[in-house]
Structure formats: structure tokens, C-alpha cells
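# Per-entry structural report
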Amino acid sequence: MKAKKIILTTAALLGAGALAFGARKIVQEQEQTKKREEIVELVRNFFASQGKIATVYVQLYESNNDRLVGGVVLEDDRHFTFVYEMGQLSYEEEA
């Protein structure tokens, strides 16, 4: 009986730990998504002076927590690629 209580207590503690870890992971992902959305909005505002924006895209496979890589396509078919890193936006027009 005592062994059964120990097993149940251990299982409950492991479950609570896994739940806390999962909740923290979700919060981190939400924070990262919010930060990414804010940067995309900054990029949109910057390129709005170049013309009407058709789309803004983000290359998640090249981006990370400190760097956002993507591109902007304007309605006049001009295409820019950008890198936003440490508060700095660098971009170049594709030929």
C-alpha cells in the first residue's frame, strides 16, 4: 500500500511538472509570435512608402528569436527581401 502511494505521488508530481513545462512552452511561443507580428507590422509600415503592398512573407526556416528573414512583394511586381535583426532593418530589391 505504501509503495502504491509513492508511485501515485511520483506520477502526480511528474504530471504536474510536464503540465507546467507545456504551459511555459506555449507562453514562449505566444510571445515569439507576438514579437514576429510586431516586426512584420514595422516592415509593412516601412515599405508602404515604396508603393502598395501585395504581400509580406516570413521565411521561418531562416528566422530565429533574434532575426526575422522575409520579403515584400509590391503590387507593381517589385520584390524586396529583408532581414530584421537587433532593431535594424536591412533590405535589397530583387532584380
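The rules behind these values
- Residues numbered from 1 in each chain as written.
- Predicted model: local features only at pLDDT ≥ 70, side-chain atom pairs only at ≥ 80, totals over all residues.
- Heavy atoms only, no water.
- Pairing = 2+ DSSP bridges.
- Helix = DSSP H or I, 4+ residues; strand = E, 2+ residues; numbered from the N terminus.
- Core = buried A, V, L, I, M, F, W, Y, C linked by side-chain atoms within 4.5 Å.
- Buried < 20%, exposed > 50% of the residue type's maximum accessible area, 1.4 Å probe, protein only.
- Contact = heavy atoms within 4.5 Å.

Strand direction decides the pairing type here: strand β3 (residues 79-85) and strand β4 (residues 88-93), joined by 6 bridges, are antiparallel. Bridge assignment links F82 to a residue of β4, and that residue is Y91. Counting the residues in the hairpin turn of β3 and β4 gives 2 residues, including M86, whose phi is positive at 55 degrees.

With that settled, the discussion passes to the nonpolar core. If you look at the biggest cluster of nonpolar residues, it comprises 12 residues: I39, V40, V43, F47, I53, V56, L68, V72, L74, F80, F82 and Y84. Of all the elements in the fold, those that place two or more residues in this core are α1 (2-47), β1 (53-58), β2 (67-74) and β3. When residues of this core are assigned to their parent elements, the largest contribution, 4 residues, is made by α1. Sequence-distant contacts of Y84, defined by excluding residues within four places in its chain, comprise I39, L42, D66, R67, L68 and L89.

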